[in-house]
Amino acid sequence: MTNHWIDIKNADVILIMGSNAAENHPISMKWVMKAREKGAKLIVADPRFTRTAAKADIYAPLRSGTDIAFLGGMIKYILDNRLYFREYVVNYTNAAYLVNPEFKGPGELKGLFSGYDKKARKYDKKTWSFQIDEKGLPKKDPSLKDPNCVFQLMRKHYSRYTLDKVSSITGTPREKLIEVYNAYASTGKPNRVGTELYAMGWTQHTVGTQNIRAMSMIQLLLGNMGLAGGGVNALRGESNVQGSTDHGILFHILPGYLPVPSATVVDLKTYNEKFTPKTKDPKSVNWWGNRPKYITSYLKAIYGSNATKENDFGYAWLPKLDEGQNGSWLVLFDQMFKGKFEGFFAWGQNPACSGANAGKVRKALAKLKWMVNVNLFDNETGSFWKGPDVNPKDIQTEVFQLPAASSVEKEGSITNSGRLAQWRYKAIEPIGQSKPDSEIMNELYFRVKKLYQKQGGKFPAPVLNLTWNYGAKRPDGKIIKFDIHKVAKEINGYYLDDLFDKKAVPPKQIGKKGHLATNFVTLQADGTTSCGNWLYSGSYTMKDSKAVNMMARRGKKDIRGLGMYPEWGWCWPVNRRIIYNRASVDLNGKPWDPKRAVIRWNPNKLDPKTKKTAPGWDGDVPDGPAPPMADAKAGKYPFIMRADGMGSLFGPGLADGPFPEHYEALECPVQENPMSKQRINPTIKLFYGVTGAHDMPVQGSGSEADIFFSCDIRYPYVATTYRVSEHWQTGVLTRHESWQLEMMPQQFVEISKELAAEKGIKNGDKVTVSSGRGKVWAIAFVTERFKPFKVAGSTVHQVGLPWCFGWQYPEDGSSGDSANLLTPTVGDANTMIPETKAFMVNVEKA
Amino acid sequence: MARKSLIISPELCIGCRGCQTACKEWNQLSGVKTKNTGTVENPPDLTPNLYNKIRYVEIPSDANPVRWLFVSQRCMHCDDAGCMKICPAPGALFKTKEGAVAFNKDKCIGCKLCVAGCPFDVPRYDEKDKVSKCHMCSDRISEGLAPACAKVCPTGAISYGDRDSMMGKTKGTGYQKLYGEADLGGLGVLYAFKDAPKVYGMEEHPAIPEAVVFWHKVLKPLAYWGIGGAVAASLLHYIAFGPKKDGEVK
């Protein structure tokens, strides 16, 4: 979230699209309801009339996988009707930048942007660049009239997204589109703010990243970024998904969103050159310019005194990717399926049910020599060898079950969607032999290290040089009692030497050797500081020479009733509750909306210590202390994480285009993309292979497990998957719980009355849902909540089913199995997140 | 002590059913094996192990595919409680000082007259033939805590507090009249309905069956003339309602 949960209450308009907040994030609705009490409008756009939609002031149905068309239409509506916030757009976004005149968009190139390499399925982004002036800065036209400026190119690009075209793609009635656009665009005024809540309904598509970018563009156009009640807000699927992402759970990022290097990035100098953005604009803060400090401090945190200037701070020990290697979920399981792995840790997950194309995942597990399943319960993954259609005699995989402690049986921090880290305490001792994850890792580390010490091995240095100072040790080096606070402190970082601000005269001490770091502003690139994750620097710090766990704070003081509660827990970065908050004020530092002032420049601010006037910001922790942008000497641009300091309406960083463009899902119900000749996202990785005018799969060009069928009479209905309030993820926690199971006992599929009549299916009938990859049985919910869509002149039916069930529990098999047996092996062009929210199935009476 | 009550606001309810789980957790009620019968609503009805449930009501809508309402169903804790009126076993059903209608299984004689006496079809009988129903978490409210359902409700769709002040507060958010304000001496569970009660599947004017009033006023006093409670109950059940039928008690 750019904002946070409570902040939803400050919005005038709330758009919930790509999320079923009421069912999957019930607490969010507390704040939605509070906003509505004050007169806010709730808009819900979803293929299905959900429990969230039941609360909406405006509900708009749309066919799964057509969000960019829907949002592109909104961009056109905002531009055509001049509903954008001009002052914000001109000053805080790259709308005025002039783009390379050779840049061409999909309107000119049959659905492609300029620079497409068909063979490599990749863009050469040379033309996606800005015109640069003699000072090395982008050329601008603040009047926004130059035909090559971002604003005009955006207008041209979205001129194709007419109401009729959008309606024919999405199936949303034209008048509903207008109603939604009109209501949401009403927030383009300084005193009106709109927020957006999304989740997997936006990310799990081959155009997932661009779905979110389209919304970010809308929020920039309407001036909703950085304001209380605004932002683009990802509702994370688990209580600590934000924390795990921050701490490097993904294959391509180290903790704190530092890129994982490939093998060609040979040393730290090359790393810093490659990954440190530069700007020649003195008004741009370019915060990522600090990258060298963060990576060096990270290396010092993990390799400690073994990391020295002489050995490049141990950079060579960091794991590297092969050049171009992708280690995302789909690729991992594809490699496993191809027998490329010996072993696998399934830690706190159940891929046999949660993984896209779960049938392939289950087959892949059988190729392993060993698997370790760390979980609270045995699950369909740990017991895959006795699953449906599997003969245990045929399976050679050795499976180890390590029982893990639940969240109430251990201490530590969790970081919620609003970037708020809160400390949790242990309520009860772990049951039986179960252990907290940290202790399981501690045991593993100790044993693995011992093996490396005894046997050598291929590359022992990364393990042998690791710091592991999480408690007092026995003579053999094993930690007696693992102290999770020591981990939190390591993440926060330490001063490894006395630190001075040498610019001050006389030099002023900013850090004392051995003390916890104050925040990331004081981190250094010379090895004198350590920090496990720069974003969390300041979360466990010193006060009066004593360590203070900021995440354990429970202060209830608020700022002007905005629900920021700056003394409750601790929020990254530097306890900033709303990021990009410098965009919430005008060029002089006055809030766009004084009633919802997040920050405000105070020229008469008193320094509490010296009692002297020291102009500064009031309110939330600002995005940098610099004076407002209008200050000719020291003013700064608001979007400090961008090298140019501007919100990107034109975003050349993504793989699939600088403007979001509608492409159909890999499996879709139409022969042709109504928007262009390019049916699917041209830059997605295809596991099965395609050819021909309509991107039809070629038999035998890939594994049968990855087969797909688009616009194929055998699988005529659009399908999507979802969760329900009553079950947690794949249901491993909730299917064991009879209270939850009695409410949602069995797999179901929601289908419209119209489709049910066509297929002779009655409410409550058992039906079979099948795709090219597999099939599941389900109980039919024949319902008004799904309606057929009118798409490109034809009727398109959509169905939906949850993925919370599995064959193992309940033991009598009465629940059915996971909907992921149906979903395809294909992912987003940028993130590779699987496309489980739009695919094609058939439904038949069982 | 000021009378306590729950106010249910279907407009705020998101149908998450945290209340169903919290109730079971606090009251340690076991889950039951159910089947999916083509609706989200499950278990299908109140049982001795299910004190409160959300009813999912679908009604036609002009603007949307359907209007979907989520309505909490449970004991209404009537001031003039039909169940208590008819109950021949002293202390089996009783009013707490907060105004909740609670029960004492040890004193229940299993006559099931309360089932007939309830205008809302609430009391259920457990496997030992003892009365079972929502008691407004009488063991929580006596300690000054909110009932489990109200405590867990994320949106404030179930709120708990002093009846009068809460009524005033809820009316202040745009409700002219609350359901149950005056019926049956005033219900302990009030509903903030935007439309007519029947839209939400509720009786417009809930009332205690005539026969119960008759029993209470005329027959119950007779019972004290020396006939044992259980015998009197079955006898009088016969007089008042006719022979017991299978399926009468859910």
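Residues numbered from 1 in each chain as written. Chains lettered and ligands numbered in written order. Predicted model: local features only at pLDDT ≥ 70, side-chain atom pairs only at ≥ 80, totals over all residues.

> Looking at this structure, I do not really get the overall build of chain A. What am I missing?
Scanning chain A from N- to C-terminus turns up 20 helices and 33 strands. In summary, chain A has a C-alpha radius of gyration of 27 Å against a globular reference of 28 Å for 846 residues, a match within 12%. With the C-alpha coordinates of chain A rotated into their principal frame, the extents come out at 85 × 70 × 55 Å. The burial tally for chain A puts 52% of its 846 residues in the buried class. Nonlocal contacts in chain A, meaning residues at least 24 apart in sequence, comprise 68% of its contacts between residues at least 6 apart. (Helix = DSSP H or I, 4+ residues; strand = E, 2+ residues; numbered from the N terminus. Rg over C-alpha atoms; globule rule 2.2 N^0.38 Å. Buried ≥ 20, exposed ≤ 12 C-beta atoms within 10 Å, placed from the backbone. Contact = placed C-beta atoms within 7 Å.)

> How do you make sense of the overall build of chain B when you look at a structure like this?
Within chain B one finds eight helices and nine strands. Across the 250 residues that make up chain B, the buried fraction comes to 46%.

> Got a minute to help me understand the interface of chain B and chain A in this structure?
At the interface, 28 residues of chain B touch 33 residues of chain A. When residues in the side of chain B that touches chain A are grouped by element, the largest group, four residues, is from helix H1 (residues 18-27) of chain B. Class assignment for the residues of the side of chain B that touches chain A results in nine nonpolar, 15 polar and four charged. (Nonpolar A, V, L, I, M, F, W, Y, C, P; charged D, E, K, R; others polar.)

> For this particular structure, what's the right way to read the domain arrangement of chain B?
It is common to report an interface's size as the accessible area lost on association of the parts. Residues and elements named next belong to chain B. Looking at the assigned domains, one finds that chain B contains domain 1 (4-77 + 137-200) and domain 2 (82-135 + 207-241). Counting residues at the interface gives 17 residues for domain 1, matched by 16 residues for domain 2. Put simply, the parts of the chain that give the side of domain 1 that touches domain 2 at least two residues each are strand S1 (4-8) and helix H4 (138-141). A per-class count over the side of domain 1 that touches domain 2 returns eight nonpolar, seven polar and two charged. (Domains from an automatic or database assignment.)

> Teacher, can you tell me more about the nonpolar core here?
In summary, soluble globular proteins display a tendency toward joint burial of nonpolar side chains. Residue and element names in this part refer to chain A. Counting residues in each nonpolar core, the largest one holds 243 residues, and the members touching the most others are Ile 14, Ile 43 and Val 749. Broken down by element, this core gets its largest block of residues, eight residues, from helix H3 (residues 67-80). Contact partners of Val 749, with chain neighbours within four places excluded, come to Val 767, Val 769, Ala 778, Ala 780, Phe 781, Val 799, Leu 801 and Val 843. Residues Ile 295, Ala 488, Tyr 495 and Met 551 belong to the second largest nonpolar core, which totals 39 residues. (Core = buried A, V, L, I, M, F, W, Y, C linked by C-beta atoms within 7 Å.)

> Sorry if this is basic, but what is going on with the sheet that holds strand S7 (residues 232-234) of chain A here?
Strands pair in a sheet through their backbones, by hydrogen bonds, and they do so in one of two ways: parallel or antiparallel. Residue and element names in this part refer to chain A. Strand order in the open sheet formed by five strands is S3-S2-S1-S6-S7, with parallel pairing between adjacent strands. Two strands bound the open sheet, and with one partner strand each, they are strand S3 (58-60) and S7. On average, each strand axis in the sheet is inclined to that of its neighbour by 20°, with strand direction left out of account. (Pairing = 2+ DSSP bridges. Axes fitted to C-alpha atoms, helices over the stretch in contact; angles between N-to-C directions.)

> Explain helix H6 (residues 163-170) of chain A here, please?
Residue pairs spaced three or four apart in an α-helix point in one direction, given the helix's 3.6 residues per turn. Residue and element names in this part refer to chain A. Residues Val 166, Ser 167, Ser 168, Ile 169 and Thr 170 constitute the buried set of H6. In this fold, the buried residues of H6 make contact with H3, helix H7 (174-185) and strand S30 (789-791). In the stretch just after H6, Gly 171 is the one whose phi turns positive, near 80°.

> What's the story with the environment of Ala 488 of chain A in this structure? I'm lost.
All names here are of chain A. Within the fold, Ala 488 resides in helix H18 (residues 484-492). Among the residues examined, Ala 488 registers 24 C-beta atoms within 10 Å and is labelled buried. Between the C-alpha atom of Ala 488 and that of Ile 14, which follows or precedes it by 474 residues, the distance is 36 Å.

> Sorry, what's going on with the pairing of strand S33 (residues 839-845) of chain A here?
Successive side chains on a regular strand alternate, one facing one side of the sheet and the next facing the other. Residues and elements named next belong to chain A. With respect to burial, S33 is a largely interior element, five of its seven residues being buried. Sheet topology places strand S28 (residues 766-770) next to S33; four bridges connect them, and they run antiparallel. By the bridge assignment for S33, Val 769 is matched with Val 843.

> Mind showing me how you'd approach the sheet that holds strand S13 (residues 412-415) of chain A here?
Residue and element names in this part refer to chain A. Read from one edge to the other, the open sheet built from three strands follows the order S13-S14-S21, with strand pairing classed as antiparallel. At either margin of the open sheet sits one strand with a lone partner, and together these are S13 and strand S21 (570-571). Examined bridge by bridge, strand S14 (residues 420-424) and S21 share two bridges and lie antiparallel to one another. Bridge assignment links Ala 421 to a residue of S21, and that residue is Trp 570.

> Could you clarify how one ought to interpret helix H13 (residues 329-337) of chain A in this entry?
Residues and elements named next belong to chain A. For H13, the full list of buried residues reads Leu 330, Leu 332, Phe 333, Asp 334, Met 336 and Phe 337. Where H13 is buried, its residues contact strand S10 (343-347) and helix H15 (358-365). The positive-phi residue at the C-terminal boundary of H13 is Gly 339, with phi of around 80°.

> What is the right way to read unusual backbone geometry from this model?
Backbone geometry follows two general trends: most residues other than glycine have a negative phi, and most peptide bonds adopt the trans configuration. Cis rather than trans, the peptide bond between Val 505 of chain A and Pro 506 of chain A has omega equal to -10°. As for its placement among the helices and strands, Pro 506 of chain A is situated in the loop between strand S16 (499-501) and strand S17 (508-511). Cis rather than trans, the peptide bond between Asn 42 of chain B and Pro 43 of chain B has omega equal to -10°. By the secondary structure assignment, Pro 43 of chain B is in the loop between H1 and strand S2 (53-59). Residue Asn 575 of chain A is not a glycine yet carries a positive backbone phi of 65°.

> Just checking my understanding: could you explain the confidence of the model for chain B for this structure?
Parts of the model with low pLDDT should not have their predicted coordinates read in detail. Residue and element names in this part refer to chain B. Residues with a pLDDT of 70 or more make up 87% of chain B, whose mean pLDDT is 91. Every residue in residues 245-250 scores below 50 in pLDDT, and together they form five contacts with partners more than four places removed in sequence or on other chains. Interface predicted TM-score (ipTM) for the complex: 0.94; the corresponding pTM is 0.96. (pLDDT = per-residue confidence, 0-100.)

> Just checking my understanding: could you explain the pairing of strand S19 (residues 540-543) of chain A for this structure?
All names here are of chain A. Note that S19 and strand S20 (residues 546-549) share four bridges and pair antiparallel. Following the sheet pairing, Thr 541 is matched in S20 by Val 548. In sequence, S19 turns back onto S20 through a hairpin of two residues, with Asp 544 there showing a positive phi of about 50°.

> Sorry, what's going on with the packing of H3 of chain A against H7 of chain A here?
Geometrically, a packed helix pair is captured by the angle between its two axes and the distance between the axes. Residues and elements named next belong to chain A. At their nearest, the axes of H3 and H7 sit 10 Å apart, and the two run at 60° to each other. On the basis of their axis angle, the class for H3 and H7 is oblique. Of the two possible hands of crossing, H3 and H7 adopt the one that is right-handed. Facing H3, whose interface residues are Gly 73, Met 74, Tyr 77 and Ile 78, H7 presents Leu 177, Tyr 181, Tyr 184 and Ala 185. When grouped by side-chain class, the residues that make up the contact of H3 with H7 number seven nonpolar, one polar and no charged. (Parallel < 35°, antiparallel > 145°, perpendicular 65-115°, else oblique. Left-handed = near helix turned anticlockwise from the far one by under 90°.)

> Whenever I open this one, the packing of H13 of chain A against H15 of chain A confuses me. Can you help?
Residues and elements named next belong to chain A. It is the contact of H13 with H15, at a shortest axis distance of 8 Å, that shows an interaxial angle of 50°. With respect to each other, H13 and H15 are oriented oblique. Like other packed secondary-structure pairs, H13 and H15 cross with a definite hand, here left-handed. In contact with Phe 333, Met 336 and Phe 337 of H13, H15 contributes Lys 360, Val 361, Lys 363 and Ala 364. Grouping the constituent residues of the contact of H13 with H15 by class yields five nonpolar, no polar and two charged.

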